[in-house]
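Okay, here's what each chain looks like letter by letter:
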Amino acid sequence: MYVKDSEGSGMYSEWASLSSLIQQSNEESQSVLGKFPMVAGKDVAMAVVKQLSSNLGLTQQAECSPLATDREVQWCMEVICFGLSLPLTEHDTIRDCVNVYCEWLSALHPVPKICVPRPVCEDPNLYARKMINHFHNLFKPRKGEGPDVINRQAVLCHRVLRTLQHLTQLSSTLTRETWEALLLFLLAINDTLLAPPTIKDDVGDQLCERVLSVLFEVWLLACFRCFPSPPLWKTFRETCMNWRHRIALIEQWNRVNLALTARLLEFMYGSAFPELKIPEEDSQLIPNNVSADCIAQSWFRFMHCLGNPVDLCRPATISQTQKFLQFAITSENVVDPCQHPCLSNLPHIFLKAIKGVAGQVDAFLGVAQPFTWDEGSINEREKKEGASSHPPSATHSPTPPPQRRLAKSFSVAPSAVTKGIPKASLLGLTSSRASATTHPPSTPNSGPSSTSTMLSLGHDSRSPLAPTRPKCNSILHMFGEWLFEAAYIGCESSHPGKTGPVKSEANMNKRPSSLLLDSRKGSLSLSQPGSLTDDPDIPPALTIDKYEAGRAEALGALCRIFCAKKTGEDILPVYLARFYLAMQQGLKIPETRECGETLASILLNSADLFRLDLDGVQVLVPYVIEALEIVLPDKELKMKTPSGSKTELRRASIHLLLSMLVLPLHFQNLPIKELGNTGVSSSSLGSEKNPLTFAQLKPRLMNLLINALQVEGDPQNAQMLLGGLLLSVQDSAAAEEMDQITQLDVGPSSDTTSNLLSSDSAHALFVRATYLVCHRLISSWKTDLNVSLAALELLAGLARTNIKETDALECKRAVKWLCDYIVSQCWRPPQAHSKDLHSTIVAAFQCAAVWLVAHPYLLQDKEGLTTVLEVVELGISGTKSQGKPSEPIKMKDEKELKPASMRVRDAAEALLTVILEQVGYFPSPCGAESLSSLLDEVSLLRHCNSWIGGEVTREMAVERFRYFVVENSTILALLEEPLGNDQDPQPTVTVLIRGPSGRHAWTMQLRHLPRHKSGTKYHAPNPGRPVPMSDVGVKHDVKHRYFPESVDRIPQCKVDKSIPSLDSFINSEGGSAVHHHLLQVIEHQSSLEDAAGNAPNTSAPLTALDSSKPGFWQDLEALDNISSRTCDTVHIFYVRAGQKTPEEILSNVVSDQSVHPNFLEFLLSLGWPVNVYQHPGWTGHISTSWRVMTPPQTGSADLHPNNHGGSLYNGETHVLYWADASSEIAFVVPSQHFSSDHFSSFERSISDGSNRVYNIRTSDKPRTLSLDLDKQACPTMPSNSGGFESGRRRPGTSRHPLASHTNTKVFVVWIESFEDHLHFPLSELLVTVSTGQKGSGLPRPQDRDCFVIFLHSLHNGLMRVKLQGPTGRMSLATPLVDGMLSATTCAPKAQSTRNDSKVSIGLCIFFHASGIEEY
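Every value quoted in this text rests on a predicted model; they were computed, and no experiment measured them.

(A) Fine view of the sheet that holds strand S3 (residues 962–966). Read across the sheet, five strands follow the order S6-S5-S4-S3-S7 without closing on themselves; strand pairing throughout is antiparallel. On the outer flanks of this sheet lie strand S6 (998–1005) and strand S7 (1102–1105), each paired with one strand and no other. The sheet shows a mean angle of 25° between the axes of neighbouring strands, direction not considered. Alignment of S3 against strand S4 (residues 970–975), held across five bridges, turns out to be antiparallel. In the sheet register, valine 965 faces S4, and the bridge partner there is isoleucine 971. Contacts between helix H41 (residues 1112–1120) and the sheet are confined to S3, S4, strand S5 (988–995), S6 and S7, with S5 contributing the most and set at about 65° to the helix.

(B) Region of interest: the pattern of salt bridges. Scanning the model with the defined rule gives 41 salt bridges in all. When the shortest N-O distance is used, the salt bridge between glutamate 217 and arginine 255 registers 2.7 Å. Residue glutamate 217 is found in helix H10 (residues 203–225), and its partner arginine 255 is found in helix H12 (residues 247–269); the two are separated by 38 residues along the sequence. Of the two residues, glutamate 217 and arginine 255, neither departs from the other in class, the shared state being buried. The salt bridge involving lysine 546 is made with aspartate 545; its shortest N-O contact spans 3.4 Å. Exposure remark for lysine 546: the relative accessible area of 39% places this residue in the partly exposed category.

(C) View of the environment of proline 337. Along the chain, the position of proline 337 falls in the loop between helix H16 (322–330) and helix H17 (346–365). Taking the C-alpha atoms as reference points, proline 337 and glutamine 320, separated by 17 residues in sequence, lie 7.2 Å from one another.

(D) Structural context of the nonpolar core. If you look at the biggest cluster of nonpolar residues, it comprises 311 residues, and the most contacted ones within it are Trp104, Phe139, Leu620, Leu795 and Trp851. In terms of residues, this core owes the most to one element, H10, which gives 15 residues. Sequence-distant contacts of leucine 795, that is, excluding residues within four places in its chain, are made with Val773, Cys774, Leu777, Leu818, Cys847 and Trp851. Judged by nonpolar contacts, the second largest core, of 21 residues, contains Val938, Trp947, Tyr963 and Leu1116.

(E) Layout of the pairing of strand S14 (residues 1359–1364). For S14, the buried fraction is high: six of the six residues fall into the buried class. Neither face of S14 is open: one carries Met1359, Val1361 and Leu1363, the other Arg1360, Lys1362 and Gln1364, and all of them are buried. The pairing of strand S13 (residues 1346–1353) with S14 spans six bridges and is classified as antiparallel. Paired with histidine 1352 across the strands is arginine 1360, a residue of S14. Once S13 ends, the chain turns through five residues before running back antiparallel as S14, passing glycine 1357 with a positive phi of about 95°.

(F) Seen up close, the sheet that holds S14. Read from one edge to the other, the open sheet built from eight strands follows the order S9-S10-S11-S8-S12-S13-S14-S15, with strand pairing classed as mixed. Since the sheet does not close on itself, it has two edges, and those belong to strand S9 (1168–1171) and strand S15 (1381–1382), each with one partner. The strands touched by helix H43 (residues 1157–1166) are strand S8 (1126–1135), S9, strand S10 (1214–1219), strand S11 (1223–1228), strand S12 (1305–1311) and S13; relative to S8, the strand with the most contacts, the crossing angle is about 180°.

(G) Structural view of the packing of helix H34 (residues 862–877) against helix H35 (residues 902–917). H35 packs onto H34 with a crossing angle of 145° between their chain directions and a minimal axis gap of 7 Å. Of the two elements, H34 crosses H35, and the hand of that crossing is left-handed. Counting all contacts with H34, which are made through Val868, Leu869, Val872, Gly875 and Ile876, the residues of H35 involved are Val904, Arg905, Ala908, Glu909, Leu911, Leu912 and Ile915. Grouping the constituent residues of the contact of H34 with H35 by class yields nine nonpolar, one polar and two charged.

(H) Highlighting a negative patch on the surface. Where like charges cluster on the molecular surface, the negative patch consists of Glu1143, Glu1144, Glu1324 and Asp1343. Locating glutamate 1324 in the fold gives a position in helix H45 (residues 1322–1325). According to the relative accessible area criterion, glutamate 1324 is partly exposed, its value standing at 41%.

(I) Geometry of helix H3 (residues 70–84). Compared with the 21 Å implied by 1.5 Å per residue over 15 residues, the 21 Å span of H3 between its first and last C-alpha is a close match. When H3 is considered as a whole, its buried residues turn out to be Val73, Cys76, Met77, Val79, Ile80, Cys81, Phe82, Gly83 and Leu84. Taken together, the buried residues of H3 touch helix H2 (38–54), helix H4 (91–104), helix H5 (118–122), helix H6 (124–134) and helix H7 (136–139).

(J) Region of interest: the confidence of the model for the protein chain. Here the protein chain shows a mean pLDDT of 76. Residues at 70 or above account for 75%. This model gives residues 371–459 a pLDDT under 50, and the stretch forms 375 contacts once residues within four places in sequence are excluded. Low confidence marks residues 678–682, where pLDDT is under 50. Its contacts with residues over four positions away, or in another chain, come to seven contacts.

(K) How the structure looks around the environment of valine 32. Here valine 32 lies in the loop between helix H1 (19–28) and H2. By relative accessible area, which is 46% here, valine 32 ends up partly exposed. Counting along the chain gives 49 residues from valine 32 to cysteine 81, while the straight-line C-alpha distance between them is 9.1 Å.

(L) A look at helix H8 (residues 147–170). When the terminal C-alpha atoms of H8 are compared, their 34 Å separation across 24 residues agrees well with the 34 Å that a helix rising 1.5 Å per residue should span. Listed in full, the buried residues belonging to H8 are Ile150, Gln153, Ala154, Leu156, Cys157, Val160, Leu161, Thr163, Leu164, Gln165, Leu167 and Thr168. Contacts from the buried residues of H8 go to H4, H6, H7, helix H9 (176–194) and H10.

(M) A look at the packing of aromatic side chains. All told, the structure shown has 31 aromatic pairs when counted by the stated rule. Taking 5.7 Å as the distance between ring centres and 70° as the angle between the ring planes, the aromatic pair formed by tryptophan 219 and tryptophan 233 counts as edge-to-face. Taken together, the positions of tryptophan 219 in helix H10 and tryptophan 233 in helix H11 (residues 230–240) put the pair 14 residues apart, joining distant regions of the chain. The class for tryptophan 233 is buried, based on a relative accessible area of 1%. Judged by centre distance (5.7 Å) and plane angle (75°), the ring pair of tryptophan 1168 and tyrosine 1217 falls under edge-to-face. Pair noted here: tryptophan 1168 is in strand S9 and tyrosine 1217 is in strand S10, with a separation of 49 residues, a long-range link. Residue tryptophan 1168 is classed as partly exposed on the basis of its relative accessible area of 30%. Taken together, Phe216, Trp219, Phe227, Trp233, Phe236 and Phe302 form an aromatic cluster joined through their ring pairs. The ring of phenylalanine 1314 carries arginine 1360 above its face, with NZ or CZ at 3.8 Å from the centroid.

Calculation notes
- Residues numbered from 1 in each chain as written.
- Predicted model: local features only at pLDDT ≥ 70, side-chain atom pairs only at ≥ 80, totals over all residues.
- Heavy atoms only, no water.
- Pairing = 2+ DSSP bridges.
- Helix = DSSP H or I, 4+ residues; strand = E, 2+ residues; numbered from the N terminus.
- Axes fitted to C-alpha atoms, helices over the stretch in contact; angles between N-to-C directions.
- Contact = heavy atoms within 4.5 Å.
- Salt bridge = Lys/Arg side-chain N within 4 Å of Asp/Glu carboxyl O.
- Buried < 20%, exposed > 50% of the residue type's maximum accessible area, 1.4 Å probe, protein only.
- Core = buried A, V, L, I, M, F, W, Y, C linked by side-chain atoms within 4.5 Å.
- Left-handed = near helix turned anticlockwise from the far one by under 90°.
- Nonpolar A, V, L, I, M, F, W, Y, C, P; charged D, E, K, R; others polar.
- Patch = residues over 30% accessible without salt bridge, like charges linked within 9 Å, V, L, I, M, F, W, Y side chains within 5 Å.
- Areas by Shrake-Rupley, 256 points an atom, 1.4 Å probe, with all protein chains shown as cover.
- Lys, Arg positive; Asp, Glu negative; His and termini not counted.
- Charge placed at Lys NZ, Arg CZ, Asp CG, Glu CD.
- Expected span 1.5 Å × (residues − 1).
- pLDDT = per-residue confidence, 0-100.
- Phe/Tyr/Trp six-rings, centres within 6.5 Å; stacked < 30°, edge-to-face > 60°.
- Lys NZ or Arg CZ within 6 Å of the ring centre and 35° of its normal.

Next up, the structure:
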């Protein structure tokens, strides 16, 4: 039965109210002494009560009461009754009366006190009911009393309340009549004290919170001991509605509701369900032995005891009580009851009530959080609890009606509260959760409230939704009517010409199926509580805009409800329609262009709005975009309530923006329906004649994205925007490419999309993105590691994006900016140099390499080539040869080798290697699968003329080659035999060069003529040997001279003999000694120079290796298995709805009938299929990687029919492969046909031999930032196989597969139901994935070390991305961002994420976690 009704209807409509008994309680509390003069009655009361109180034992030892009969006791009670009504000036007498009754009430205790009269002990319930009724006199306000006297009265009232509450807790003999009398008494005194308008510091104001707490706690206890009758519940509801102008009523209502909700969730979902934490003293309000039905009935009734909470924004309704009308009649200043000053607190009361309802919603959604009620004045609270900061809600509201079977779909997630919260923090539940993305710590009172269980990219810390939460319809059936009505406060009707209420109060209480339909017009209409602004008599403090905080709270709760929709869940169209209308009204932009509380609440709580399959949700896109245009482009956001967190608001707005970026290109010219009369200009929302289309939104979205990134100051928000920017450029480029293909078939008539793209094309986005990102990278992001890495990833992604109109000048500028960035980072002061700084430099070098490989024409420009090589020189040596233009050029031998770090030097050398070997030559003739030559010793030997055939082993082939080491870094393998495919045999040497960049094969021949001439064939007969000639010629005896013969004919003079000849000097007497001494000096100097020259270089430039040593060919083979690129493996799984076991998941890909139609298309978009036995690159497992083998004859092809669902690519025969110049990725789809056990024997052999093959010093202390490069210890190859060692690490490589490496696994999981990401059996599936890359000492990978990319296909064809990974590592591995919507074929972004995560994740994992300097 629905109970959100007007006063005359509902589940109590057929029961009589007991309000008349409350009025009669005044008569029952009248004493016969009241018939006499006050003086006479007072004298009697003072004399009798003083004597009775003397026997109580308060000041002396207690004595037995002299009262022995019922008549005596009743006479004394008449006296005490009168004494309780005395003026407060007779405090002592009143106090004695209170003491007597409080002591006599112990008759209901298990052991009564000795002072209790015998008749009272014999019939305690009868006398207790009379005493309780007499206590009413004590609580009656006395007119004209001062504050001190009122305080004394309050103390006595506290004594009575404490006694009665203690009585209900201890007594087990209370009858139903006594319980009802007690509850009616509590209702009566509350109505007496609280029904009148609030007057500061009167007795009602002082006792307000206390009498309410006792009423609610005793009533709650009565529910468990003696459940109140329906008339009592109806009376309770009617009287509570008279006190709604008291804020303490809402607080107690929230408190009791929370305690009941905690127990309700416990019995509905069992002990395994996460406990909803509440303060210890509140949890004790409900005994442990209470039945579930009793809790449910009590919970539901308590929630509705206040009537409709939205009435709190109707001052006329709240003030239509007897006490308010009496006050208006007797007051000279108040003309209308609604003008009483105490009603100015209604907006704050309304906020607390709606927060209580919203808190109930949060509890059932599973996002309940603790809340501390602020102490202090209401104004201070309002300042602290601005709706833009989304103050936590006070508590929860109830669940299904008592007469209805409890829905099994209701659930709630664990709360973050812990037990033991002090009473001072009277709590509730937050309605607006902070999101921390991600991410840096968030403010406690802001952010949306739905997210994933594991930490997602961006450190998003929004509270996760409970997996077993109830359906949205169930929550809306319970709370929707209140929330919708509160959301429409102050809204105009959707029908033109209507400004007042569109429905009567009775009509607004219909069932949900008829809640919104106007039968006369057949259209939707908005219901609002009343047109307060139309009444000029409403005080300024009660105008409708003052209730915006409560309205914002209601809209936030509605957003959280609809964003909690599960996959496949249906929401009633009437709820969707009303929600969209509420959103449309809440997203209206004020003329001041300020972000109000309502707008902020919607944005904070609807981050997932467009990520769900909500029917027709796209109608809200134009309104959301207009709201985002207020929030995102403005660096100094104007907020109506400045206490909100602007960072969290911007983050939630960015989530919405990222979910809309793909809509224009996905829906293109699809028109967007307008929601009624919006009151917004047609230029932004379209009109009936010219409806707005999705394609027209693209320029606005792109401008919004660029402007937001330009002013964003939060690192996490900036990374999210960078991911969205790259997504937009890639999607635009793909759309243009597809548009060009389709235009060839469709013809020139369909040019709408092309015209749009031409005005905001991929090239335009490319230019804007490059300019903006490069500028901010150098100016403001260079000190932030994560943002710098994200910006560099975006630039690398832009370089890989195929844009037809790419301008060479723009690309040249981008590379120039990258070089300037590297220079500025390298030249920062020494104190700024750190691992983070060097990580950004390494990433910049890698980004530059990507640009040059993708655009090789950039190196044809002399200026560009000079700039790049100067940066390479800076990275390797630490300085430039040409510093400033005025400085002289410094030669290489004059510079001191001081790079920023070893990682920076290696990155610079890697870039130089790419320039010399890959730019303009990638992919090589061997394809992208290998950067090295596919020829090795075995294949070359098979093609030699001398080979007679047969099987060739590596050991046999190595024996035919001669091996040398050049400059201690390059291995040469020489084969001095001509190859058999040469038709013109010549003396030939074939060289296999193994260097830092891979293996390369060259053939050199000895030719006496150029090849074009030597190829001429002579077919004439053999002329024979030549005949010697008899004429040998004349032999001339010539004497070589230094000077002409004419010199000898010139006569000599004495001057010619002044310089003696050398021979004459040596033969002279003193010359021989001098000559001998000079020879000794020269010989000594020569020996010193030889010693100095040989010291640093212990090996000759060319060193021969002994290939006959044991293990040489194995080491050589292991060396060939070291890829010059990073190699990664991504395992892909398909999870059908509801699957939780590995067996079910692995069996899905066997048949295409078990997977989504787009799944195979998605797989093929990741890479190209390769046969693992014929593939020379990485295959996902070491046993088949970097080698070409003969496939085994096992008939395994039969295991993969043509209608497979992806199992063909399980690694047994095929995988999907993708590679560029710096990395290669294998995509493997594990299946039940094939598991990692296939490689178990190979892995054991690898594990046994890995320590022998590679002597990596993992236990040594990592090298530090020392710049003394010659003294740095580097991992070396063992010299036992041929005497060669590597004195330095190979540039361009990051690791080899058999040595130490990261133990990280990457999964891509296609899930049919988004909620299944919570149950994905990650740890169980780890045993099915193996790459054979097991370094010594590495632990087995754990699920916490794995990165998972969940992909969920929506009904509209878009893909929702969910990222999950280790805390602090992955949440923002751009371009994919957690929660992003992308096209179904998001493979390029998935590949880029895996590659770029080597930068963003790798720079964090490899540099910081391992503490090494190498990458």
